[in-house]
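What the coordinates show
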Amino acid sequence: MQSLVNYFYNKPGKLLLAGGLLFLSSEVAYELYLWLRKAPKPKPKSCEVFFVNRRKLLQPVPSPQAFLFEHINRIVSHIDRAEKSICLAMYIFTVREISEAVIRAKKRSVVVRVVTCESMVGNE
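Anyway, here's the lowdown on the structure attached to this text. What you see is a predicted model, and the numbers here were worked out from it, not measured in a lab. (Residues numbered from 1 in each chain as written. Predicted model: local features only at pLDDT ≥ 70, side-chain atom pairs only at ≥ 80, totals over all residues. Heavy atoms only, no water.)

Some remarks on the pairing of strand E1 (residues 85-89)
Rule in force here: Residue burial is assigned from relative accessible area. The probe radius is 1.4 Å, only protein chains are included, and a residue is buried under 20% of its type maximum, exposed over 50%, and partly exposed in between. In DSSP terms, a helix is any run of H or I states spanning at least four residues, a strand is any run of E spanning at least two, and both are numbered starting from the N terminus. Should DSSP find at least two bridges between two strands, the strands are taken to pair. A crossover gets the label right-handed when its path from the first strand over the helix to the second runs clockwise, viewed with the strands pointing away from the viewer.
Where burial is concerned, the two faces of E1 differ: the one with Ile86 and Leu88 is buried and the one with Ser85, Cys87 and Ala89 is not. As defined by bridge partners, E1 adjoins strand E2 (residues 111-115) across 5 bridges and the pair is classed as parallel. Of the residues in E2, the one forming a bridge with Leu88 is Val114. A crossover links E1 with its parallel partner E2, the connecting element being helix H4 (residues 96-107), and its sense is right-handed.

Written out as structure tokens, the structure reads:
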């Protein structure tokens, strides 16, 4: 053990020790640089798919009129909360509240895509 200590006191031992420390510190610095360079990636916003005909069975079934307005209000609230895009697929697109919500979304620069029956294209 004493001979090892004596080896590091002479010139070649000091050079070897300094080179080893330099190599080790450069590796530590490089790993630290790689760790700091990794910025946390933002989580993408979720895409929500909404089906109107789904209802929890535990809830009491309302009257047909209340059931209709409940779904219309839910669809309008989803459209009003949209930030980037809306993909709307409806067979019959005649509900004024939904069409007004789609127009409001388009005015907010939301990308709007509507798939509907061909007979609905010219309707007001």
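Brief notes about the pattern of salt bridges
Quick note on the threshold: Each salt bridge in this description consists of a side-chain nitrogen of Lys or Arg and a carboxyl oxygen of Asp or Glu lying within 4 Å of one another.
Across all of its chains, the model carries 1 salt bridge by this definition. Across the pair Arg104 and Asp80 runs a salt bridge, and its minimum N-O distance is 3.1 Å. With a gap of 24 residues between them, Arg104 in helix H4 and Asp80 in helix H3 (residues 64-81) connect regions that are remote in the sequence.

Points about unusual backbone geometry
Although it is not a glycine, Ser109 adopts a positive phi angle of roughly 70°. Within the secondary structure, Ser109 sits in the loop between H4 and E2. The exposure class of Ser109 is exposed, given its relative accessible area of 64%.

Things to note about a nonpolar patch on the surface
Rules: In this scheme, patches are assembled from residues that exceed 30% relative accessible area and form no salt bridge. Like charges are connected within 9 Å, while nonpolar side chains (Val, Leu, Ile, Met, Phe, Trp, Tyr) are connected within 5 Å. A 1.4 Å probe and the Shrake-Rupley method give the accessible areas. Residues count as covered only by the protein chains that appear here.
On the surface, Leu32, Trp35 and Leu36 cluster together into a nonpolar patch covering about 380 Å² of accessible area. By secondary structure assignment, the location of Leu36 is in helix H2 (residues 11-37).

Observations concerning the packing of aromatic side chains
Definition in use: Pairing of aromatic side chains here covers Phe, Tyr and the six-membered ring of Trp, requires ring centres within 6.5 Å, and sorts the geometry by plane angle: under 30 degrees stacked, over 60 edge-to-face, intermediate tilted.
Within the structure shown, the criterion is met by 1 aromatic pair. Look at Tyr30 and Tyr33: their rings are 6.5 Å apart centre to centre, the planes differ by 35°, and that puts the pair in the tilted class. In this pair, Tyr30 and Tyr33 are both assigned in helix H2, 3 residues apart and thus about one turn of the helix distant. Here Tyr30 falls in the partly exposed class, since its relative accessible area comes to 45%.

This is a description of form; function is not addressed.
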